[in-house]
Amino acid sequence: MKKILSFIALLSLMSCAELQQIATNLPNSGYGVSNNDIASGLRQALELGIDKQVTKLTQKDGFFKNELVKITLPPELQRVDKTLRDVGLGNLADEGLRVLNRAAEDAVKEATPIFINAVKGITFNDAKTILLGQNDAATKYLIQNTKNQLYNKFNPVITNSLSEVGADKIWNNLIQKYNSIPLTRKVNPDLSDYVTTQALDGVYTMIAVEEKEIRTDLSARTTSLLQRVFKLQD
């Protein structure tokens with residue numbers, strides 16, 4: 001215990017370059033955790049985030065009733081929502097918002113296996129540096145290495161989902177009514193792109209929630225591998 005406390009105190013006084021050097025030498029520092037263990041532990045943490053948190057997004061109201069990830073109207077459509085409510089069309093505005101979230105819930109359900117495969121394929125060449133990073137360091141690494149690929153996978157699923165749940169018809173009706181209101185600027189948003197981006201952000205947000213929990217809450221480290229690996233960053 002004294003060795004661990006001394007190690008943490010030393011880290012607080014060192015520069016980033018010195019931390020990098022420590023990260024490079026961690027497997028030989030007597031903590032009994034190998035490079036492969038650290039990489040596997042980080043992958044396991046991300047996979048746990050998907051299994052425990054992202055699956056919540058696939059349930060009914062998984063997006064709509066989760067304030068962390070709820071999809072609201074894009075900025076250019078905020079005036080649509082306000083105007084519709086001002087003229088007594090609040091129910092239509094609510095339904096338009098709800099259906100966007102339903103599309104995201106449906107899309108994540110279809111795309112989650114793709115995301116899991118992407119996580120399994122990640123090689124953490126700088127795994128030790130990530131381990132010593134901030135509470136969302138692994139999630140940020142995942143975003144950097146998968147977001148473009150996942151966007152290309154999510155987008156067609158989102159597009160199909162919008163059609164399947166009737167979002168296209170609802171939004172066409174909503175926008176037509178809005179555009180018919182005098183003195184309003186006409187709008188024609190790309191809903192597929194917007195909902196895809198928001199759905200991806202929601203996925204990463206929930207993974208970051210789980211990563212932070214594993215890093216800060218000992219009881220969240222539910223496997224021996226997670227316990228051994230994340231003990232290094234305590």
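In this report, the structure presented in the accompanying data block is examined.

Cut-off values and rules
Residues numbered from 1 in each chain as written. Predicted model: local features only at pLDDT ≥ 70, side-chain atom pairs only at ≥ 80, totals over all residues. Heavy atoms only, no water. Helix = DSSP H or I, 4+ residues; strand = E, 2+ residues; numbered from the N terminus. Contact = heavy atoms within 4.5 Å. Areas by Shrake-Rupley, 256 points an atom, 1.4 Å probe, with all protein chains shown as cover. Phe/Tyr/Trp six-rings, centres within 6.5 Å; stacked < 30°, edge-to-face > 60°. Lys NZ or Arg CZ within 6 Å of the ring centre and 35° of its normal. Core = buried A, V, L, I, M, F, W, Y, C linked by side-chain atoms within 4.5 Å. Buried < 20%, exposed > 50% of the residue type's maximum accessible area, 1.4 Å probe, protein only. Axes fitted to C-alpha atoms, helices over the stretch in contact; angles between N-to-C directions. Parallel < 35°, antiparallel > 145°, perpendicular 65-115°, else oblique. Nonpolar A, V, L, I, M, F, W, Y, C, P; charged D, E, K, R; others polar. Salt bridge = Lys/Arg side-chain N within 4 Å of Asp/Glu carboxyl O.

So, the overall build of the protein
Argument step 1. A tally of regular secondary structure across the protein gives 10 helices and zero strands.
Argument step 2. Start at the N end of the protein and walk to the C end: the helices and strands fall as α-α-α-α-α-α-α-α-α-α.
Argument step 3. Pairs at least 24 residues apart make up 81% of the contacts formed inside the protein by residues separated by at least 6 positions.
Argument step 4. Of the roughly 12,400 Å² of accessible surface on the protein, 51% is carried by carbon and sulfur atoms.

Remarks on the packing of aromatic side chains
Argument step 1. Applying the stated criterion across every chain, the model contains zero aromatic pairs.
Argument step 2. The lysine or arginine in question, K70, covers the ring of F64, its NZ or CZ lying 4.7 Å from the ring centre.

Looking at the nonpolar core
Argument step 1. Residues F115 and W171 are the most contacted members of the largest nonpolar core, which totals 66 residues.
Argument step 2. Only helix 3 (35-57), helix 4 (78-86), helix 5 (90-120), helix 6 (127-131), helix 7 (137-164), helix 8 (167-179), helix 9 (191-216) and helix 10 (224-230) provide two or more residues apiece to this core.
Argument step 3. The greatest single-element share of this core, amounting to 12 residues, is contributed by helix 5.
Argument step 4. For F115, the contacting residues outside a window of four places in its chain are I50, L142, L150, V203, Y204 and I207.

Regarding the packing of helix 3 against helix 5
Argument step 1. Packing of helix 3 against helix 5 leaves a shortest axis separation of 10 Å and a crossing angle of 175°. The angle between helix 3 and helix 5 falls in the class roughly antiparallel. In this structure, helix 3 uses R43, L46, E47, I50, V54 and L57 to contact helix 5, whose residues at the interface are E105, V108, T112, F115, I116, V119 and K120.
Argument step 2. Considering only residue class, the contact of helix 3 with helix 5 consists of eight nonpolar, one polar and four charged.

Quick word on unusual backbone geometry
Argument step 1. Phi is positive for D61, close to 70°, though the residue is something other than glycine.
Argument step 2. For D61, a relative accessible area of 16% gives the class buried.

Focus on the pattern of salt bridges
Argument step 1. Summed over all chains, the structure comprises 12 salt bridges.
Argument step 2. Here E105 and R102 are joined by a salt bridge, their closest N and O atoms 3.4 Å apart. Taken as a pair, E105 and R102 lie in helix 5 at a separation of three residues, close to a single helical turn. The pair formed by E105 and R102 is uniform in burial state, with each residue classed as buried.
Argument step 3. Bridged by salt links that share partners, the residues D61, K65, R102 and E105 form one connected network.

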